[in-house]
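Residue-level listing of the chains:
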Amino acid sequence: MALSIRTKSSKNKTGPKTPFQRVESHLKVMLTQALKENEGKLGDSLAQAMQNLPNAAVALDNSTPVLVVDGGTTNYSTSLNGQISQAVVAKAARAAGVKGLTVKSVEKALETVSLDAVLEGADADVNIFNAYIDVDNKSKGVALDARSSDGRGLVLAGGEVLLSDKETDITFRYAPNNGHLQYVSGWEQQDIPSKLQELFSNLSYGQFVAIMAYAGFILSHPRADGLTYPILYLHGNAGSGKTTVARLVAMLLGLNGTKVKTQPKDIRDLIATASHNYMLCFDNCGRISDELANGMCSVATGGTVDGRKLYTNVDLVETLLHQPMILTAIKFPKQYDLCTRSIFIKAGKPRITYASDTEIYQKLSAILPYAQSWLLSMTAKAMAMLDDVSSIAKFRGGDFNTFLAAFETVLGITDQSVQQGVNKAQEEALNMQALEHDELLASIITIVHQEKLFTGGPTQVHKMLHSAIMSEMRRLPSNWPQNASALSTKLNRMKEQLEKHGVEVISGGTRGTNGRKLTLRAIENAQNVEDIIPHEPSFSEPLTYPESALIEVNRVVEELPELDPADMDDDFDPLNESEMDQLMEEYERVTSKFDSASKWHEMTQAESDAATSAFLG
């Protein structure tokens with residue numbers, strides 16, 4: 001009695017077949033004949049047999065020998081030195097009568113074939129997940145790696161989803177862990193959008209549509225030069241379901257083998273993960289280093305990383321990084337470049353309570369063929385409308401902006417509210433990113449909103465801010481400017497961010513006896529740049545400020561009594577030279593105490609209190 005084994009991806013207990021098993025019977029026949037002609041030498045015989053296979057060929061994928069087989073509508077490739085190729089050769093060799101077969105003998109035979117491929121193999125265009133039907137005419141549609149059992153392929157073209165059995169020259173890299181996409185009839189009667197939204201109950205409807213548009217963009221846009229994949233940045237409080245959303249998106253795309261991993265330690269870990277996964281999902285990305293952030297940006301925009309091949313001095317290994325990525329975190333990243341390449345979705349409190357995340361995944365698995373069919377259909381319709389929509393989204397990648405506009409139009413959203421929501425979320429994220437990771441910016445915003453106004457010369461404002469921050473926060477920011485000139489430079493760089501948080505910076509005047517003037521003042525109810533009305537003074541009218549920015553300051557002005565000229569002493573005796581020198585020495589002694597204040601941030605609290613007492617006498 002045969003052993004019964006439950007399989008992971010199929011109810012068929014014999015296990016799923018791979019497209020490479022179709023080569024075994026042909027390879028057995030060719031190998032049997034070649035062994036007779038080559039006196040039983042397995043390496044030479046295998047190389048000869050590979051050249052005569054009708055449904056397979058040996059080619060190069062970025063200088064790496066691969067075995068390419070006919071999979072129906074599309075071809076599939078796998079490493080010639082990988083386990084799948086070794087298993088196919090071993091099984092065919094045993095069937096051809098080879099005795100004493102070992103792993104080393106199979107590897108040695110495949111090395112002979114690999115050497116021939118380096119010289120004679122064609123440089124194949126191997127794709128991952130999806131590919132354009134015609135690279136030179138992208139309007140013909142996109143083929144998806146469906147890996148259907150009947151060999152038919154999924155094609156998105158002309159606003160429709162097609163199940164095609166027409167052979168193409170497209171080759172996909174075989175990735176059994178990626179699951180597969182399905183398109184079934186009858187999905188229209190299932191009310192899929194409502195059922196899906198219930199699973200994404202921690203998101204608003206606009207956020208749900210943005211997530212679906214993100215998934216549709218991945219389906220409809222294969223790797224191409226100039227394409228930028230948005231980084232989906234899911235943020236929110238602990239327990240808000242960020243990781244659950246990431247896993248649901250992977251399931252919808254048929255990328256079941258995509259695991260939600262911890263944040264990579266460095267760029268090498270990122271490259272290793274990208275080499276084995278089409279879509280990257282990293283959880284709890286709390287502190288992303290600058291090096292890692294640059295690597296993530298390269299993944300989004302497409303970049304090739306070169307590395308020296310092991311045990312060689314001149315050979316290089318090239319790794320193409322260009323794929324979608326999902327990050328989850330509680331806070332925002334500190335790198336501005338990474339923020340501008342991200343779509344920010346804030347997960348909230350779920351409206352529907354489930355027993356566990358497992359229940360959510362089971363509910364999606366129950367409707368997955370219909371959910372994938374709905375997503376594929378909406379994506380195909382959006383692809384057909386790309387030339388007929390206008391985009392207002394401000395994301396750095398223009399391709400996603402256009403697709404988002406088309407996708408919300410297909411769903412009947414005509415007020416562009418989804419695009420507006422994406423814009424607002426990114427603007428808020430950029431504001432908070434600067435505030436969370438810039439101590440000086442946060443300190444100035446806090447103090448100015450408390451005190452309302454700081455005005456005077458740059459040196460005076462520098463000392464006033466120093467005193468106010470020390471009094472309120474008991475320490476200075478780590479990036480505190482050491483002098484007035486440095487403060488002015490930093491204020492100019494932060495001017496836009498300060499205005500977004502309700503602080504206006506006004507500077508002007510010419511150098512001279514009175515010096516330049518610097519003013520920091522709070523602007524009430526200013527949340528965005530658009531809320532602040534810039535003032536452009538002219539020579540024909542006096543300098544005025546927007547009425548909303550006026551600050552009421554309590555001042556008491558007393559009239560001075562008129563003096564009788566007779567009471568004024570005409571015998572004014574000016575200071576002599578000695579008295580003037582003595583006065584200047586006293587002035588320098590007092591101002592030197594003020595100058596020493598720039599080093600107070602280096603003192604402990606006890607030293608600061610002692611210095612203050614000494615200064616006040």
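Rules of the game
Residues numbered from 1 in each chain as written. Predicted model: local features only at pLDDT ≥ 70, side-chain atom pairs only at ≥ 80, totals over all residues. Heavy atoms only, no water. Helix = DSSP H or I, 4+ residues; strand = E, 2+ residues; numbered from the N terminus. Buried < 20%, exposed > 50% of the residue type's maximum accessible area, 1.4 Å probe, protein only. Contact = heavy atoms within 4.5 Å. Polar contact = N/O pair within 3.5 Å; in protein donor to acceptor, adjacent residues only side chain to side chain. Pairing = 2+ DSSP bridges. Axes fitted to C-alpha atoms, helices over the stretch in contact; angles between N-to-C directions. Parallel < 35°, antiparallel > 145°, perpendicular 65-115°, else oblique. Nonpolar A, V, L, I, M, F, W, Y, C, P; charged D, E, K, R; others polar. Salt bridge = Lys/Arg side-chain N within 4 Å of Asp/Glu carboxyl O. Expected span 1.5 Å × (residues − 1). Core = buried A, V, L, I, M, F, W, Y, C linked by side-chain atoms within 4.5 Å. Arc of directions from axis to C-beta. pLDDT = per-residue confidence, 0-100. Phe/Tyr/Trp six-rings, centres within 6.5 Å; stacked < 30°, edge-to-face > 60°. Left-handed = near helix turned anticlockwise from the far one by under 90°.

So, the environment of His 322: which residues are in play, and what are the values?
Examined against the element boundaries, His 322 turns out to sit in the loop between strand S15 (316–321) and strand S16 (325–329). We classify His 322 as buried; its relative accessible area is 5%. In this structure, the C-alpha to C-alpha distance between His 322 and Ala 224, residues 98 residues apart in sequence, is 8.8 Å. In this structure His 322 touches Arg 223, Ala 224, Leu 227, Tyr 229, Val 299, Ala 300, Thr 301 and Gly 302, once residues within four positions along its chain are discounted. Reaching out from His 322, the side chain makes a polar contact with the backbone oxygen of Leu 227 at a distance of 2.9 Å.

Break down the sheet that holds strand S19 (residues 503–508) for me, citing the residues and quoting the values.
By way of backbone hydrogen bonds, the strands of a sheet pair with one another, either parallel or antiparallel. With antiparallel pairing, three strands are arranged side by side in an open sheet as S18-S20-S19. The strands lining the two open edges of the sheet, one partner per strand, are strand S18 (453–456) and S19. Across the sheet, the axes of successive neighbouring strands diverge by a mean angle of 10°, strand direction being ignored. Alignment of S18 against strand S20 (residues 517–522), held across four bridges, turns out to be antiparallel. From the neighbouring strand, Gly 456 faces S20, where its bridge partner is Leu 518. Taken strand by strand, helix H15 (residues 458–473) contacts S18 and S20, and its axis lies near 150° from that of S18. On the sheet, helix H16 (residues 484–500) packs against S19 and S20 and is oriented at approximately 145° with respect to S19.

Lay out the packing of helix H14 (residues 439–451) against H15 with the relevant residues and their values.
The geometry of H14 relative to H15 is characterised by a closest axis approach of 10 Å and an angle of 90° between their N-to-C directions. As the angle between them shows, H14 and H15 are arranged roughly perpendicular. Contact residues: Ser 443, Thr 446, Ile 447 and Gln 450 in H14; Leu 465, Ala 468, Ile 469, Glu 472 and Met 473 in H15. When grouped by side-chain class, the residues that make up the contact of H14 with H15 number five nonpolar, three polar and one charged.

I'd like to hear about the pattern of salt bridges, residue by residue, with values.
What the rule picks out here adds up to seven salt bridges. The partner of Asp 266 in a salt bridge is Arg 268, with the nearest N and O atoms 3.5 Å apart. The exposure class assigned to Arg 268 is exposed, which follows from its relative accessible area of 64%. Between Glu 439 and Arg 475 there is a salt bridge, and its shortest N-O distance comes to 3.4 Å. Of this pair, Glu 439 sits in helix H14 while Arg 475 sits in the loop between H15 and H16, and the two are 36 residues apart along the sequence.

I'd like a description of helix H4 (residues 103–120), backed by residues and values.
A rise of 1.5 Å per residue sets the reference length of H4, with its 18 residues, at 26 Å; its end C-alpha atoms lie 26 Å apart and thus fit the reference within 8%. Summarising the contacts, the buried residues of H4 are in contact with helix H2 (42–51), strand S1 (56–61), strand S2 (64–70) and helix H3 (83–95).

Could you give me a rundown of the nonpolar core, with the residues and numbers involved?
Leu 196, Phe 200, Ile 211 and Leu 364 are the most contacted members of the largest nonpolar core, which totals 71 residues. It is helix H11 (residues 357–384) that contributes the most residues to this core, 12 residues altogether. Setting aside residues up to four positions removed in sequence, Ile 211 forms contacts with Phe 200, Leu 203, Leu 232, Leu 234, Val 245, Val 249 and Ile 345. One finds Val 69, Ala 93, Leu 110 and Ala 143 within the second-largest nonpolar core, a separate group that totals 34 residues.

Could you give me a rundown of the sheet that holds strand S9 (residues 160–164), with the residues and numbers involved?
What the four strands build is an open sheet, ordered S6-S7-S8-S9; its pairing is antiparallel. Either end of the sheet is taken by a strand with one partner, and the two such strands are strand S6 (130–132) and S9. Strand-to-strand twist in this sheet, taken as the mean axis angle between neighbours without regard to direction, amounts to 25°. For S6 and strand S7 (residues 142–144), the ladder comprises three bridges, and the chain directions are antiparallel. Its bridge partner being in S7, Asn 130 is matched across the sheet by Leu 144. Across the sheet, helix H6 (residues 205–220) touches S6, S7 and strand S8 (153–157), and the angle it forms with S6 is around 60°. Against the sheet, H11 makes contact with S7, S8 and S9, and its axis sits at roughly 35° relative to S8, the strand it touches most.

Describe helix H8 (residues 267–276), naming the residues involved and giving the relevant values.
Here H8 has its buried residues at Leu 270, Ile 271, Thr 273 and Ala 274. Taken down its axis, H8 places every buried residue within 165° of arc, on the same side. Opposite the buried face of H8, by more than 90 degrees, sit the exposed residues Arg 268 and His 276. Near the N-terminus of H8, the side chain that reaches the backbone nitrogen of Arg 268, with its oxygen 3.2 Å away, is that of Asp 266.

Any details on the confidence of the model for the chain? Residues and values, ideally.
Taken over all residues, the pLDDT of the chain has a mean of 82, while the share at 70 or more is 80%. For the chain, helix H17 (residues 577–595) is the element with the lowest average pLDDT, namely 63, and H6 is the one with the highest, namely 96. Predicted confidence for residues 10–16 stays below pLDDT 50, and this span has seven contacts to residues more than four positions away or in other chains. Across residues 525–560 the pLDDT falls below 50, and counting only partners more than four positions away or on other chains, this stretch makes 30 contacts in the model.

Account for the packing of aromatic side chains, naming residues and giving values.
Here the distance between the centres and the angle between the planes together describe a pair of aromatic rings. According to the stated counting rule, one finds 12 aromatic pairs in the structure shown. Their ring planes at 65° and their centres at 6.0 Å tell us that Phe 217 and Phe 403 sit as a pair that is edge-to-face. Pair noted here: Phe 217 is in helix H6 and Phe 403 is in helix H12 (residues 398–410), with a separation of 186 residues, a long-range link. Phe 403 matches Phe 217 in its accessibility class, with the two residues each being buried. Ring geometry for Phe 332 and Phe 344: centres 5.7 Å apart, planes at 65°, overall edge-to-face. A residue pair is termed long-range when its members are at least 10 positions apart, and Phe 332 in the loop between S16 and helix H10 (336–340) and Phe 344 in strand S17 (residues 342–346) qualify at 12 residues.

Mind laying out the packing of helix H1 (residues 23–37) against H2, listing which residues take part and the relevant values?
Interhelical geometry of H1 versus H2 gives an angle of 130° and a closest axis separation of 8 Å. By the angle between their directions, the pair H1 and H2 is classed as oblique. Considering how the two elements wind past one another, H1 and H2 form a crossing that is right-handed. Listed contacts from H2 to Leu 27, Met 30, Leu 31, Ala 34, Leu 35 and Glu 37 of H1 are Leu 42, Ser 45, Leu 46, Gln 48 and Ala 49. Its residues placed into classes, the contact of H1 with H2 shows eight nonpolar, two polar and one charged.

Explain the pairing of strand S3 (residues 75–79) to me, and be specific about the residues and the numbers.
Each regular strand carries side chains that alternate between the two faces of the sheet. Burial runs high along S3: four of the five residues are buried. Note that S2 and S3 share five bridges and pair antiparallel. What sits directly across from Val 66, in S3, is Ser 79. Linkage of S2 to S3, two consecutive antiparallel strands, is achieved through a turn of four residues, within which Gly 72 is found at a positive phi near 110°. When S3 meets strand S10 (residues 171–173), the two strands line up parallel, connected through three bridges. By the bridge assignment, Asn 75 is partnered in S10 with Thr 171.

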